[in-house]
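Structural overview for review
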Amino acid sequence: MSNTKKFAVISSWHPPSSTVLQYSHAAQQADKIKLHFKNSQGTLIKMVEANEGDDILSIAHEHDIDLEGACEGSVACSTCHVILSPEHYDLLPEPEDNENDMLDMAFTLTDTSRLGCQVKLTRDLDGMTATLPSATRNMFVDGE
């Protein structure tokens, strides 16, 4: 029998950290989803980039866009009502009954209205426009 030992070769070379950071930043940017916010007159407020799975209400708050969300996303109001571009609206799952109940109280309800807290971004929604209505109804403040 031979007394030969086997060794594994392990490479210890790593790219410079700046290369890794540049690649990581580029990969993160490529994964972002573009979302356009417009006011009720159709004027662009802001174009933002967000992550898959983020909801419109959270994105709006993160980017200082005036979308109220009085119930903080618990589907108990219609203050995060947005009007979506028709081609993107059709890509979303149907709203749940509780969302439809809240939308029934929204001002300027349209065929493509949704609650921003219930719309989670997916790759298919890249480039979507969310238009803010001219008014919202906050039942906690407005009553009825």
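Everything that follows concerns the structure shown earlier in this document.
Let me sum up the structure you'll find in this document. Everything quoted here is computed from the prediction, not taken from an experiment.

1. Let's talk about the pairing of strand 2 (residues 44-50)
Bridge count between strand 1 (residues 33-38) and strand 2: six bridges; the pairing is antiparallel. Residue pairing in the sheet places Lys 34 in a bridge with Glu 49 of strand 2.

2. Quick notes on the side chain of His 81
Structurally, His 81 is set in strand 3 (residues 81-84). We classify His 81 as buried; its relative accessible area is 1%. Separated by 3.4 Å, the side chain of His 81 and the backbone oxygen of Phe 107 make a polar contact. Residue contacts for His 81: discarding those within four places in its chain leaves Leu 67, Leu 103, Ala 106, Phe 107, Thr 108, Leu 109, Ser 113, Arg 114, Leu 115 and Pro 133.

3. Topic: the pattern of salt bridges
One pass over the full model with this rule turns up two salt bridges. For the salt bridge of Lys 34 with Glu 49, the shortest nitrogen-to-oxygen distance reads 3.5 Å. With a gap of 15 residues between them, Lys 34 in strand 1 and Glu 49 in strand 2 connect regions that are remote in the sequence. Its relative accessible area of 36% is what places Lys 34 among the partly exposed residues. Taking the relative accessible area as the measure of exposure, Glu 49 reaches 28% and is therefore partly exposed. Between Arg 114 and Glu 99 there is a salt bridge, and its shortest N-O distance comes to 2.8 Å. Of this pair, Arg 114 sits in strand 4 (residues 113-115) while Glu 99 sits in helix 4 (residues 97-103), placing them 15 residues apart in sequence.

4. Details of the sheet that holds strand 3
Strand order in the open sheet formed by five strands is 2-1-5-3-4, with mixed pairing between adjacent strands. Strands with a single pairing partner mark the edges of an open sheet, and in this sheet they are strand 2 and strand 4. When strand polarity is set aside, the average angle formed by the axes of neighbouring strands in this sheet is 35 degrees. Inspection of the sheet shows strand 1 paired to strand 5 (residues 128-131) by four bridges, in the parallel sense. Residue Lys 38 lies in a different strand from strand 5, and its bridge partner there is Thr 131.

Quick notes on the rules
Residues numbered from 1 in each chain as written. Predicted model: local features only at pLDDT ≥ 70, side-chain atom pairs only at ≥ 80, totals over all residues. Heavy atoms only, no water. Pairing = 2+ DSSP bridges. Helix = DSSP H or I, 4+ residues; strand = E, 2+ residues; numbered from the N terminus. Buried < 20%, exposed > 50% of the residue type's maximum accessible area, 1.4 Å probe, protein only. Polar contact = N/O pair within 3.5 Å; in protein donor to acceptor, adjacent residues only side chain to side chain. Contact = heavy atoms within 4.5 Å. Salt bridge = Lys/Arg side-chain N within 4 Å of Asp/Glu carboxyl O. Axes fitted to C-alpha atoms, helices over the stretch in contact; angles between N-to-C directions.

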